[in-house]
Amino acid sequence: MRRPMIPLLLLALALTAGSASAADRWLHVHVQGHDADAEEVHVNLPLSMIEAVLPTLEQHAFEAGQFRIGDELDGIDLRELLAAVRDAPDAEFVTVRSASETARVAKEAGFLVVHVDEKSGDRVRVRIPLEVVDALLGPDGQTIDLSAGLRRLAEFDGDLVSVESNDENVRIWIDTFAEIR
Amino acid sequence: MSRSTRIVLLLLAALSVVVVAAVGVATAAVYRAGRIDVDVATDGGGVQLALPAVLADIALAVVPTGVVRRAAIDASRDTPVDAAQWLPAVVAAIEALDAAGDARLLEVRSSDAHVVVEQRGRRLLLNIDADDGTRVRLALPLRTVRRLLDRIET
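Computed from a predicted structure; not experimentally measured.

A. Molecular detail of the overall build of chain B. Of regular secondary structure, chain B possesses five helices and six strands. Tracing chain B from N to C terminus, the helices and strands come up as α-β-β-α-α-α-β-β-β-β-α. In terms of principal-axis extent, the alpha carbons of chain B reach across some 80 × 35 × 35 Å. Residues counted as buried form 24% of the 154 residues belonging to chain B. Counted over contacts in chain B with a minimum sequence separation of 6, partners at least 24 positions apart contribute 42%. Charged side chains in chain B number 18 positive and 18 negative. The centres of these two groups are separated by 14 Å.

B. Broad picture of the pairing of strand β2 (residues 40-46) of chain A. Note: strand β1 (residues 26-33) of chain A against β2 of chain A, seven bridges, orientation antiparallel. The residue of β2 of chain A that forms the bridge with Gln 32 of chain A is Glu 40 of chain A. Counting the residues between successive antiparallel strands, the hairpin from β1 of chain A to β2 of chain A contains six residues. Alignment of β2 of chain A against strand β3 (residues 103-109) of chain B, held across four bridges, turns out to be antiparallel. Each bridged residue has a counterpart across the sheet, and for Val 43 of chain A the counterpart in β3 of chain B is Leu 106 of chain B.

C. Region of the structure containing the pattern of salt bridges. Summed over all chains, the structure comprises 23 salt bridges over all chains. Linking Glu 108 of chain A and Arg 104 of chain A is a salt bridge whose minimum nitrogen-to-oxygen distance equals 2.9 Å. A relative accessible area of 34% places Glu 108 of chain A in the partly exposed class. In this structure, Arg 147 of chain B engages Asp 57 of chain B in a salt bridge whose closest nitrogen and oxygen atoms are separated by 3.6 Å. With Arg 147 of chain B in helix α5 (residues 142-153) and Asp 57 of chain B in helix α2 (residues 53-62), the pair connects residues that are 90 residues apart, well separated along the chain. What makes Asp 57 of chain B buried here is its relative accessible area of 7%. By sharing partners, the salt bridges in this structure join Arg 104, Glu 107, Arg 109, Glu 118 and Arg 120 of chain B into a single network.

D. Focus on the environment of Asp 102 of chain B. Residue placement: Asp 102 of chain B occurs in the loop between α4 (83-100) and β3. Leaving out residues up to four positions away in the same chain, Asp 102 of chain B has contacts with Ala 178 of chain A together with Gln 119, Arg 120, Gly 121 and Arg 122 of chain B. Within the structure, the side chain of Asp 102 of chain B is placed 2.9 Å from the backbone nitrogen of Gly 121 of chain B, a separation counted as a polar contact.

E. Main features of unusual backbone geometry. Located in the positive-phi region is Ala 109 of chain A, a residue other than glycine, with phi close to 50°. By secondary structure assignment, the location of Ala 109 of chain A is in the loop between β7 (101-108) and β8 (111-118). Assessed through its relative accessible area of 62%, Ala 109 of chain A is described here as exposed. Positive phi, close to 65°, is recorded for Arg 122 of chain B, a residue that is not glycine. Inspection of the secondary structure assignment puts Arg 122 of chain B in the loop between β4 (113-120) and β5 (123-130). Exposure remark for Arg 122 of chain B: the relative accessible area of 54% places this residue in the exposed category.

F. Structural detail: the interface of chain A and chain B. Taken together, the 20 residues of chain A in the interface contact 21 residues of chain B. Between chain A and chain B, the buried area comes to about 1,600 Å², and carbon and sulfur atoms account for 61% of it. Summed over the shared surface of chain A and chain B, the result is zero salt bridges. Our count for the contact surface shared by chain A and chain B stands at four residue pairs in polar contact (both at pLDDT 80 or more). Considering every element that reaches the side of chain A that touches chain B, the biggest residue donor is β2 of chain A, with six residues. When its residues are assigned to classes, the side of chain A that touches chain B shows 10 nonpolar, five polar and five charged.

G. Representation of the confidence of the model for chain A within the structure. Overall, the prediction assigns chain A a mean pLDDT of 83, with 83% of residues at 70 or greater. For residues 10-20 of chain A, every residue scores under 50 in pLDDT, and the model assigns this stretch zero contacts once sequence neighbours within four places are set aside.

H. α2 of chain B, seen in detail. Residues and elements named next belong to chain B. Of the positions making up α2, those classed as buried are Ala 53, Val 54, Asp 57 and Leu 60. The arc that holds every buried residue of α2, seen down its axis, measures 115°, which confines them to one face. Buried residues along α2 sit against α1 (3-33), β1 (35-42), β2 (45-52), α3 (65-76), β6 (135-141) and α5.

I. Looking closely at the domain arrangement of chain B. Residues and elements named next belong to chain B. Along its sequence, chain B is organised into domain 1 (1-33) and domain 2 (34-153). Taken over C-alpha atoms, the centre of domain 1 sits 38 Å from the centre of domain 2. In this complex, domain 1 contributes five residues to the contact, which on the side of domain 2 involves nine residues. For the domain 1 and domain 2 pair, buried surface summed over both sides reaches about 440 Å², with 52% attributable to carbon and sulfur atoms. The three residues of domain 1 that bury the most area against domain 2 are Val 30, Arg 32 and Ala 33, which together make up 91% of that side's buried surface. Counting the contacts that link domain 1 with domain 2 gives zero salt bridges. Looking at the side of domain 1 that touches domain 2 residue by residue, the classes come out as four nonpolar, no polar and one charged.

Thresholds applied
- Residues numbered from 1 in each chain as written.
- Chains lettered and ligands numbered in written order.
- Predicted model: local features only at pLDDT ≥ 70, side-chain atom pairs only at ≥ 80, totals over all residues.
- Heavy atoms only, no water.
- Helix = DSSP H or I, 4+ residues; strand = E, 2+ residues; numbered from the N terminus.
- Buried < 20%, exposed > 50% of the residue type's maximum accessible area, 1.4 Å probe, protein only.
- Contact = heavy atoms within 4.5 Å.
- Lys, Arg positive; Asp, Glu negative; His and termini not counted.
- Charge placed at Lys NZ, Arg CZ, Asp CG, Glu CD.
- Pairing = 2+ DSSP bridges.
- Salt bridge = Lys/Arg side-chain N within 4 Å of Asp/Glu carboxyl O.
- Polar contact = N/O pair within 3.5 Å; in protein donor to acceptor, adjacent residues only side chain to side chain.
- Buried area = accessible area lost by both parts, 1.4 Å probe.
- Nonpolar A, V, L, I, M, F, W, Y, C, P; charged D, E, K, R; others polar.
- pLDDT = per-residue confidence, 0-100.
- Arc of directions from axis to C-beta.
- Domains from an automatic or database assignment.

Okay, here's the thing in structure tokens:
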């Protein structure tokens, strides 16, 4: 009687472990101003909370954690574009140099990376796992599915966005700690 | 001991058990519901309040839904956002927070105030320390907040 229970127990444990990893991730936002009287803001939110809240929000084109972008794509097939990026080796795809800034979009070790360096000294770094971008794009390539993206994001740790400007620094990242360490 | 005395003693014993059980259940309910703490201090004075949250639960159960809704509408009248629209999101957030465990959710440190919102021991805490001497300490059991929101929602 006992033997058949062991694989079932292991299966249950594996399933629980999978969902627990998604539930235990925290999104952190830290904003630090540079002035003497500047504000400092820390936000620590469980991803599970954001995931629970998203489907309840309904604003204009945003519904049930998704919003449609089809009308603004002008015939561009985002799914095809993403597949091309995913299948390509690590490389810099776009580089824009202007008088005021240099922007670059690249693929690095499974991450979509965006770097913007302004002449004023402001720096923006965005680093999103390609799997998250894949989940964000709805199956038809015409919708952004934030809930699906968030679920996939829960499998990663690390920095997502950092902005260093003359006024303030902003950092957004994910880890398993409820508070900033 | 006569038969009638035995019956009276048995009834008294049964009654004692019922009373002890009722007190036990009530104590457990009060303990489980937690406590609401309000502590507001300003230069001119202050207010301090510590209530068992079970009283709020009872009030929510007794007060008609219309009164709760009207109070909520009155309270949200001066807010810049449509509170009713965000209510389902707040309910979902509170439920998820309850499951997530203790954390400092928000901390804002500015030149004139320090604001902290955190969850500790299934209670939502709001602490404000302003430079003008104003100090606010508010602690609400998440369960009470959920019950209040449920009543407003229904």
